[in-house]
Structures are given as structure tokens and as C-alpha cells.
Number of protein chains: 2
Amino acid sequence: MAITKPREAMKRGELGRRSGCNIETIRYYERIGLLPEPDRTDSGHRLYSPEDQAQLGFVMRGRELGFSVAEIRALLSLMNSSEFTCGEVLDMASSHLASIKAKIRDLRKLEKSLTRLVRNCEGGEAKDCPVIDALAGDRPV
Amino acid sequence: MAITKPREAMKRGELGRRSGCNIETIRYYERIGLLPEPDRTDSGHRLYSPEDQAQLGFVMRGRELGFSVAEIRALLSLMNSSEFTCGEVLDMASSHLASIKAKIRDLRKLEKSLTRLVRNCEGGEAKDCPVIDALAGDRPV
DNA sequence: GCTTGAACCTGTAGTTGCTACAGACCTTAG
DNA sequence: CTAAGGTCTGTAGCAACTACAGGTTCAAGC
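Below you will find a few notes about this structure.

Thresholds applied
Residues numbered from 1 in each chain as written. Chains lettered and ligands numbered in written order. Predicted model: local features only at pLDDT ≥ 70, side-chain atom pairs only at ≥ 80, totals over all residues. Helix = DSSP H or I, 4+ residues; strand = E, 2+ residues; numbered from the N terminus. Rg over C-alpha atoms; globule rule 2.2 N^0.38 Å. Buried ≥ 20, exposed ≤ 12 C-beta atoms within 10 Å, placed from the backbone. Contact = placed C-beta atoms within 7 Å. Near = placed C-beta within 6 Å. Nonpolar A, V, L, I, M, F, W, Y, C, P; charged D, E, K, R; others polar. Least-squares fit on C-alpha atoms with pLDDT ≥ 70 in both.

**Some thoughts on the overall build of chain A**
Counting its secondary structure elements, chain A contains six helices and two strands. In chain A, the order of α-helices and β-strands from amino to carboxyl end is α-α-β-β-α-α-α-α. Whereas a compact globule of 141 residues would reach a radius of gyration of roughly 14 Å, chain A reaches 24 Å, over 25% beyond that. The buried share of chain A, reckoned over its 141 residues, is 23%. Pairs at least 24 apart in sequence give 43% of the contacts found in chain A among residues at least 6 apart.

**A word on the protein's contact with DNA strand D**
Close contacts around DNA strand D come from 20 residues, with K11, G13 and R46 of chain A together with S43 and S68 of chain B the closest. The set of elements that each furnish at least two residues to the surface near DNA strand D consists of helix 1 (12-19) and helix 2 (23-31) of chain A together with helix 2 (23-31) and helix 4 (69-80) of chain B. Residues of the surface near DNA strand D, tallied by class, amount to four nonpolar, nine polar and seven charged.

**Here we look at the relation of the copies chain B and chain A**
Once chain B is rotated about the relating axis by 180 degrees and shifted along it by 0.0 Å, it coincides with chain A to within an RMSD of 0.1 Å. With respect to symmetry, the two chain copies, as superposed, fit the operation of a two-fold axis. Relative to the rotation axis, the C-alpha of I104 of chain B is the closest in chain B, positioned 3.0 Å from it. Here 100% of the interface residues in chain B have copies in chain A that are interface residues too; the copies meet face to matching face.

By themselves, these are just geometric observations and shouldn't be taken as functional.
What follows is the structure in C-alpha cells.
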């Protein structure tokens, strides 16, 4: 009957394998405060707990959703403050959503311009190129 | 009758004002080879010709269309090679267009996920937050 | 001619979000 | 016991700028 049952811990490589996160990135997240400083073995090797793994998952999902590191830091500290409200999170998520929509709009404009240029471009050996002309300012982009 | 009529030249600040480009960025473009090294006054101040201004315009339009610095460098050297073909430019533009379309697709996925999360989020003082739950891995993102 | 302030010069550091390397140390299998 | 691999640290690199410090130089007013 183990009194202080050692929690199942893993080193950085194992955490990387399990989470799918690059091991250098794990260290980076620790450095910038997205992960807590983990326990260490006597010789200094990091030992990650399942909680650490969960937090890394949180961070990775946040990044996949396009949140910036600063936003994730804010979300983490919100979550860790005992009294966080859904409203605060909603604000962050909605404004992030708005910025994604803005990015999509911008990219669609690019897409439109480029499509038009490419459509007018004959390719091949032609000596006059609409794409180059547009870049050179000889016709509207 | 001026034999060597000095071409109308301008300094960096004037070029920045005319083109709308940040003056530090002009120097940066020179350093990375998107702009040629301009003439200098005796005391070392840069003197830009109208051709330099045109090239800066080319670079800026390229950036606005989302081309990377490397791509613009390639486009410039294509244009300066006496025998460039429209086909080569078309290849670059089409593959760039493809990458923009891919970015749009990715962002739309994000938009969809975030919209769903935000829609399920009541906001206010609720103690259970779908956004946080999703990030924590308790429900699908 | 002199002063003052703007513009310009150079080199370098910061941004964001990683990724990768060198050189040392530790661990583990055979 | 040794060899290979994992881990440690610090640091440099990527894109594409942007900004600053500390030093000239220019241009206008008196």
C-alpha cells in the first residue's frame, strides 16, 4: 500500500509523443509561461504530470483555433481564477472570431485580384504579361 | 542646354512620402535586395531615381498581393531577364493563388469551429463555458 | 555666420511563434 | 563498460518588418 504513490510522470520526449507537440516547442511554452515549470528528476530532467499534459492540450487546441499566445495566456489565467465568467471568455472568442472573419475577407480580396490577373494571363511564350504589368503599375491590380 | 541634366532625384523621406512606404522598410528592402543600392550624395545620403520609385511600387504591389519577398525577388529577376515568358510568371501566380485558397479554406474551418463554440456560449455569469470546455478537451473542438 | 531642428546615416534589437543546433550531461540496453 | 540515444542549457535562425540610439548633415531663420 503505497502511501505517496508517485503520480505517473513522463519526460519531455514522451509528452511530445503523446501530445504530438514538438519537444522544443514544449520547452518554448514553458519559457513563455504557457506551461508551468514541471518537476524535475534529481539530475534535472523534466517530469510532466497528467495535468501538465492536459494544459499542453489546452494550449495546442487554442493555437489550432488561431488564438495568439497572449490570448491563450489570458484564457488560462481566466480558467484558473476561481471565479471566471463565461461572458469574459465569450468576449475573447467573439473578437477572435471577428479577426478571423476580417482575415478571410482580406484573403478573398487577394483571391479575386489574383484570379483576375491569372485569368487574363495567356501563359506560354507571350511577351506581354498582365501579372507583371499590374505589378509594374501599368494596370490596376 | 544642360549636358548632364541631373535626373529628378529624391531622398528617402520623400520616397517614403510619395510611395506610402515606411522609411525603415525602404532601407530594409535595399538590404535584402528588393531595391538596388541607390546613388548617394557626397555626404552619403541616398538619392532615389524615378526608376527606383517604380521598383518600390512593384515590390509594394507584390506584397499587397501576398507574394513573399522571395517570390517578389524571383518576379523582379524574371522581369529583368530580357527573355522572360508569361508562362513562368503564370506558374508563380497560380501557385500563389492556390496557397491563398488553401489559407482561406483553413480559416473557414476555424471560423466554423469558433462560430459553433461561440453560439453555444451563453455568456454572462454562467459557470460552465463551452469554449473553455472545448479547449480543455472535454468536448470536440 | 550661427543656431536649431528636422532629416538622414549606421548598426542593432525587438516583434510572433516556433524550430533547430551545439556541446555537455544522463540513462539505458547489451 | 560502452555506445546510442534522450535530455539539458543557451542561443541563433526564419519572415517581414519596425523602431530605436547615437551620430552626421542639411536647410531655414536671424
